[in-house]
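# Chains, contacts and geometry: an overview
Residue-level listing of the chains:
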Amino acid sequence: MRYLTFALTKGRLADKTLERLEKIGITCEEMKDKASRKLIFVNEEQKLKFFLAKGPDVPIYVEHGAADIGVSGKDIIMEENRAIYEVLDLGFGKCRMCICGFPEAKELLSHHEMIKVATKYPRIARDYFQNIKHQTVDIIKLNGSIELAPIVGLSDVICDIVETGSTLKENGLTVLEEVCPLSARMVVNQVSMRMEAERIRGIIEALRGVS
Ligand code: PRP
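All of the points below concern the structure found in this document.

### Digging into the pairing of strand β3 (residues 48–53)
Relative to β3, strand β1 (residues 4–9) runs parallel, the two being bridged by 6 bridges. If you follow L4 over to β3, its bridge partner there is L48. Two strands pair when backbone bridges link them, and strand β2 (residues 40–43) and β3 are joined in this way by 4 bridges, in the antiparallel orientation. Bridge pairing in β3 places F41 opposite F50. Counted along the chain from β2 to the antiparallel partner β3, the turn is 4 residues long, and its residue K47 has a positive phi close to 55°.

And the structure:
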């Protein structure tokens with residue numbers, strides 16, 4: 001039996017994923033040591049390997065087959081648009097991709113005038129404005145603290161993740177439109193899905209049965 005390798009998203013999503021995997025009997029004791037600087041963890045008995053990666057890198061590892069299975073947010077999966085199979089909605093890490101801004105900016109979304117949109121997700125934003133709203137936009141790619149953009153006049157609106165809504169609220173901003181709901185998804189390498197079909201399908205089915 002060969003090793004099956006999991007790429008997990010560093011941080012809260014990895015913790016939640018490990019909790020879920022533990023419920024179906026997949027464990028990795030080594031990974032629980034938060035002080036460890038190790039990068040790859042092995043469960044010899046179950047012939048499994050695990051590693052942690054930055055969110056946007058998870059679909060890349062999976063597409064190239066460096067990991068058979070990955071868990072990352074739907075936002076990342078859409079933005080990366082890799083040749084991988086999305087096989088399961090894990091139901092945690094729920095939030096929404098939204099167009100946000102000052103309440104006055106709502107009007108800008110009802111015309112087809114050119115507006116500036118700041119975002120960490122240029123593909124998602126472009127797709128939404130081009131294909132759903134048919135509005136021409138100037139996309140400004142940022143790397144974080146997106147809410148700052150309309151406040152300092154860099155953009156008219158933002159396309160960003162809203163979880164509790166408190167970042168928006170504390171800065172006088174609001175949700176203007178919802179693009180789509182988001183949550184953590186399990187993704188699988190296309191070749192692994194064929195070559196290791198039985199083991200991978202077994203994991204998917206078992207995970208479907210727990211929450
Ligand atoms: C995300 C997102 C929002 C915030 C939303 O940012 O980009 O800024 O969380 O959460 P809330 O609705 O619960 O306030 P993150 O903290 O990941 O950091 P970033 O600004 O560096 O992207």
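There is more to say, and it comes next.
### Overview of the sheet that holds β2
Ordered in space as β2-β3-β1-β4-β11-β5, the 6 strands form an open sheet in which the pairing is mixed. With partners counted over all chains shown, the strands left at the sheet margins are β2 and β5 (85–89), one partner each. Each strand of the sheet is rotated relative to its neighbour by a mean of 25°, with strand direction disregarded. Sitting on the sheet, helix α1 (residues 12–23) is in contact with β1, β3, β4 (69–73) and β11 (184–188), with an inclination near 140° to β1. Sitting on the sheet, helix α8 (residues 197–208) is in contact with β1, β3, β4, β5 and β11, with an inclination near 30° to β5.

So, how was this worked out
- Residues numbered from 1 in each chain as written.
- Predicted model: local features only at pLDDT ≥ 70, side-chain atom pairs only at ≥ 80, totals over all residues.
- Heavy atoms only, no water.
- Pairing = 2+ DSSP bridges.
- Helix = DSSP H or I, 4+ residues; strand = E, 2+ residues; numbered from the N terminus.
- Axes fitted to C-alpha atoms, helices over the stretch in contact; angles between N-to-C directions.
- Contact = heavy atoms within 4.5 Å.

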